[in-house]
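# Notes for the structure review
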Amino acid sequence: MTALIHQPGVVFVKVKLDSVDPFHPELHLTLDQEVILIGRDGDAQVRLEDRWISPRHCEISQERGALVVQDLKSRHGTLVNGAVVQRSPLLPGDDLTIGIRTFRVWYQRPAIQGIP
């Protein structure tokens, strides 16, 4: 799954989530949103049909050139590198588990003036 995250005055960050589970196909999706909602809900920008995923499971946003995932009180939780999180940075190479699906996170952090 691929997404573009945008904030006013900030360069787009192209985000790619690769499925690490051979039984779940890799999804590709391009978005132009400040916040990406992931879930089963019809309003979710990334809609995953999986009974282990809540209608509004989690959201991914950009803060200071890095990605942040926030669990939205999902029933089965959101994990980063195997740890249950309520809110956590997402770094390139991290594993993000949503329901029973695990994705490897890939993106290139943009150069932002004043931030190393």
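Residues numbered from 1 in each chain as written. Predicted model: local features only at pLDDT ≥ 70, side-chain atom pairs only at ≥ 80, totals over all residues. Heavy atoms only, no water.

## Brief notes about the overall build of the protein
To keep it simple, the criterion reads: Going along the chain from the N terminus, every DSSP run of H or I of four or more residues is numbered as a helix, and every run of E of two or more is numbered as a strand. Only protein chains enter the accessibility calculation, which uses a 1.4 Å probe; a residue is then buried when its area is under 20% of its type maximum, exposed when over 50%, and partly exposed in between. Where accessible areas are quoted, they stem from the Shrake-Rupley method and a 1.4 Å probe; at the residue level, only the protein chains shown are allowed to cover.
Broken down by element type, the protein carries zero helices and 12 strands. Taken from N to C terminus, the helices and strands of the protein fall in the order β-β-β-β-β-β-β-β-β-β-β-β. For the protein, the proportion of its 116 residues judged to be buried stands at 44%. Counting only carbon and sulfur atoms, one obtains 51% of the accessible surface of the protein, whose full area is about 6600 Å².

## Quick look at the sheet that holds strand E5 (residues 46-47)
Inclusion rule: Only when DSSP finds a minimum of two bridges between them are two strands counted as paired.
Reading across from one edge, E5-E4-E6-E7-E10 is the order of the five strands in this open sheet, with mixed pairing throughout. Strand pairing shows two members of the sheet lacking a second neighbour, E5 and strand E10 (87-90), which therefore form its edges. In terms of strand pairing, strand E7 (residues 66-71) meets E10 through four bridges, oriented antiparallel. Bridging across to E10, leucine 67 finds its partner in leucine 90.

## With respect to the environment of threonine 97
Test applied: We call two residues contacting when some pair of their heavy atoms lies within 4.5 Å. By the criterion applied in these results, polar contacts are pairs of N or O atoms within 3.5 Å in which, for protein atoms, one can donate a hydrogen and the other can accept it, and in which residues neighboring in sequence qualify only through two side-chain atoms.
Of note, threonine 97 is situated in strand E11 (residues 95-98). Sequence separation between threonine 97 and glycine 77 is 20 residues, and the spatial gap between their C-alpha atoms is 8.4 Å. The contacts of threonine 97, once residues within four sequence positions are left out, are Gly77, Thr78, Leu79 and Thr102. Of note is the side chain of threonine 97, whose polar atom sits 2.9 Å from the side chain of threonine 102.

## Observations regarding the pairing of E7
Look at any regular strand and the pattern is simple: side chains alternate between the two faces of the sheet. Where burial is concerned, most of E7 is hidden: five out of the six residues are buried. Pairing analysis gives six bridges linking strand E6 (residues 58-63) to E7, with the strands arranged antiparallel. Across the sheet, glutamine 62 pairs through a bridge with leucine 67, a residue of E7. Joining the antiparallel neighbours E6 and E7 is a turn of two residues, in which arginine 64 adopts a positive phi near 55 degrees.

## Points about the pattern of salt bridges
Defined as follows: The salt bridge definition used is simple: a Lys or Arg side-chain nitrogen within 4 Å of an Asp or Glu carboxyl oxygen.
Within this structure, the stated rule accounts for four salt bridges. Across the pair glutamate 63 and arginine 87 runs a salt bridge whose closest N-O atoms are separated by 2.3 Å. Residue glutamate 63 is found in strand E6, and its partner arginine 87 is found in strand E10; the two are separated by 24 residues along the sequence. Given the relative accessible area of 45%, arginine 87 is considered partly exposed.

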